[in-house]
Amino acid sequence: MIDNIISNLNKNDNIKEILTKLEYEYSDNIDTVIVMATYNRLEILQKTLTSLSSSNLENTLIIIIDDNSNQDTVEYLRSFTIKNIPCIHLKFNC
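Residues numbered from 1 in each chain as written. Predicted model: local features only at pLDDT ≥ 70, side-chain atom pairs only at ≥ 80, totals over all residues. Heavy atoms only, no water.

**Student:** So what exactly am I meant to see when it comes to the overall build of the chain here?
**Tutor:** For the chain, the count of helices and strands is 3 helices and 4 strands. Listing each helix as α and each strand as β along the chain from the N terminus yields α-β-β-α-β-α-β. When each of the 94 residues of the chain is scored for burial, the buried share is 37%. A separation of at least 24 residues holds for 81% of the contacts in the chain among residues at least 6 apart in sequence. (Helix = DSSP H or I, 4+ residues; strand = E, 2+ residues; numbered from the N terminus. Buried < 20%, exposed > 50% of the residue type's maximum accessible area, 1.4 Å probe, protein only. Contact = heavy atoms within 4.5 Å.)

**Student:** What should I look at first to understand the packing of helix H2 (residues 42-53) against helix H3 (residues 71-79) in this one?
**Tutor:** When two helices pack together, their arrangement is given by the angle between the helix axes and the distance between those axes. Closest axis-to-axis distance for the H2/H3 pair is 10 Å, and the angle between their directions is 15 degrees. Of the possible angle classes, the one that applies to H2 and H3 is roughly parallel. Between H2 and H3 lies a crossing whose hand is right-handed. Of H3, the residues touching H2 (which contributes Leu 42, Leu 45, Gln 46 and Leu 49) are Asp 72, Thr 73, Tyr 76 and Leu 77. In terms of residue class, the contact of H2 with H3 is built from 5 nonpolar, 2 polar and 1 charged. (Axes fitted to C-alpha atoms, helices over the stretch in contact; angles between N-to-C directions. Parallel < 35°, antiparallel > 145°, perpendicular 65-115°, else oblique. Left-handed = near helix turned anticlockwise from the far one by under 90°. Nonpolar A, V, L, I, M, F, W, Y, C, P; charged D, E, K, R; others polar.)

**Student:** Can you help me understand the pairing of strand S2 (residues 32-38) in this one?
**Tutor:** Where a strand is regular, its side chains alternate between the two sheet faces. As judged from the 7 bridges shared by S2 and strand S3 (residues 60-66), these two strands associate in the parallel manner. In the sheet register, Thr 38 faces S3, and the bridge partner there is Asp 66. In this region the chain leaves S2, passes through H2 and returns to the parallel neighbour S3; the handedness of that crossover is right-handed. (Pairing = 2+ DSSP bridges. Right-handed = clockwise from strand over helix to strand, strands pointing away.)

**Student:** Before we go on, may I ask you to explain H2 in this structure?
**Tutor:** Helical geometry: 3.6 residues make up each α-helical turn, so side chains three or four residues apart lie on a common side. Spanning 12 residues, H2 covers 16 Å between terminal C-alpha atoms, matching the ideal 16 Å at 1.5 Å per step. Here the buried face of H2 lies against S2, S3 and H3. (Expected span 1.5 Å × (residues − 1).)

**Student:** What am I meant to see in the side chain of Asn 40 here?
**Tutor:** Note on placement: Asn 40 falls in the loop between S2 and H2. Among the polar contacts listed, one links the side chain of Asn 40 to the backbone nitrogen of Asn 70, at a separation of 2.5 Å. Beyond its immediate chain neighbours, meaning those up to four positions away, Asn 40 contacts Ser 69, Asn 70 and Thr 73. (Polar contact = N/O pair within 3.5 Å; in protein donor to acceptor, adjacent residues only side chain to side chain.)

**Student:** Would you mind going over the pairing of strand S4 (residues 87-92) with me for this structure?
**Tutor:** For S4, the tally of buried residues reaches 5 of 6 residues, placing the bulk of the element in the interior. As paired elements, S3 and S4 share 5 bridges and run parallel to each other. The residue of S4 that forms the bridge with Asp 66 is Lys 91. Of the crossover connections in this fold, the one passing from S3 over H3 to the parallel S4 is right-handed.

**Student:** Mind showing me how you'd approach H3 here?
**Tutor:** Buried within H3 we find Thr 73, Val 74, Tyr 76 and Leu 77. Down the axis, H3 shows its buried residues gathered within 160 degrees of arc, on one side only. Seen from the open side of H3, the exposed residues pointing more than 90 degrees away from its buried face are Asp 72 and Ser 79. (Arc of directions from axis to C-beta.)

This is the structure:
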């Protein structure tokens with residue numbers, strides 16, 4: 001399932017960058033997908049993702065859509081991980 005999502009995203013010309021955090025064994029048995037949009041507002045994004053990471057995210061995929069945020073926000077998203085949870089970060093062209 002995740003491979004199909006990434007494959008389809010790669011076909012979209014509006015996406016500037018796709019970062020995936022799939023470096024570990026994960027279950028392809030996804031039953032929940034959380035999609036978040038962001039544009040800057042780093043403090044709020046950090047609080048939201050910290051809160052989210054303390055939730056039960058078994059069988060969850062996280063997709064974060066970034067609408068061309070500043071470098072601080074982009075660097076935070078590049079480094080963001082939740083153990084054993086696949087995360088896809090999309091950076092759109094503007």
